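Residues per chain are reported as follows:
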Amino acid sequence: MHRSLLLAVVTASITLTQAFAWDGTNTATGSSVEIERGQLVRSGRTIEVYDSDRGYKEYDVDSIRRYGRTVEIEATDTETGESTTLEMDDD
């Protein structure tokens, strides 16, 4: 009985952990953005971002800076070539 309860708790915690996303704002448009868990956000990499106004977008990461409780990601839209700043919550 204890073994199946432990298995259920471990399974639930893994499933819930994978569901979290990194929330923030596109400062150029004011729309809410999310970066799904598991993506490596580093300079020179391409990331997929869900934008509440425009759906899924891909960005090339130009730079990352931490300011207090936020992280600013300077990025270039791979489709349009436009630069933008994604201001992410650092929770």
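Chemist: Which residues make up the sheet that holds strand 6 (residues 83-89), and what are the values?
Modeler: Across a sheet, paired strands are connected by hydrogen bonds in the backbone, their directions being either parallel or antiparallel. Around the barrel, which closes on itself, the six strands sit in the order 1-2-3-4-5-6 with antiparallel pairing between neighbours. Direction aside, the axes of adjacent strands within the sheet are offset by 45° on average.

Chemist: I'd like a description of the confidence of the model for the protein, backed by residues and values.
Modeler: Per-chain confidence: the protein averages 85 in pLDDT, with 78% of residues scoring 70 or above. Looking across the protein, the model is least confident in helix 1 (residues 2-19), with a mean pLDDT of 46, and most confident in strand 3 (residues 46-51), with 98.

Chemist: Residue-level account of the packing of aromatic side chains, with values.
Modeler: Two measures describe an aromatic ring pair: the distance that separates the ring centres and the angle between the ring planes. Under the criterion given, the structure shown has one aromatic pair. For the pair Tyr50 and Tyr56, a centre-to-centre distance of 5.0 Å together with 65° between the ring planes defines the contact as edge-to-face. Among the residues examined, Tyr50 registers a relative accessible area of 33% and is labelled partly exposed.

Chemist: Summarise the nonpolar core; cite the residues concerned and give the values.
Modeler: The biggest cluster of nonpolar side chains holds 12 residues, and these are Val33, Ile35, Val41, Ile47, Val49, Tyr59, Val61, Val71, Ile73, Ala75, Leu86 and Met88. Secondary structure elements with two or more residues in this core: strand 2 (32-36), strand 3, strand 4 (55-67), strand 5 (70-77) and strand 6. Those residues within four positions of Val41 in sequence are excluded, and the remaining contacts are Trp22, Ile35, Ile47, Val61, Ile64 and Ile73.

How each quantity is defined
Residues numbered from 1 in each chain as written. Predicted model: local features only at pLDDT ≥ 70, side-chain atom pairs only at ≥ 80, totals over all residues. Heavy atoms only, no water. Pairing = 2+ DSSP bridges. Helix = DSSP H or I, 4+ residues; strand = E, 2+ residues; numbered from the N terminus. Axes fitted to C-alpha atoms, helices over the stretch in contact; angles between N-to-C directions. pLDDT = per-residue confidence, 0-100. Phe/Tyr/Trp six-rings, centres within 6.5 Å; stacked < 30°, edge-to-face > 60°. Buried < 20%, exposed > 50% of the residue type's maximum accessible area, 1.4 Å probe, protein only. Core = buried A, V, L, I, M, F, W, Y, C linked by side-chain atoms within 4.5 Å. Contact = heavy atoms within 4.5 Å.

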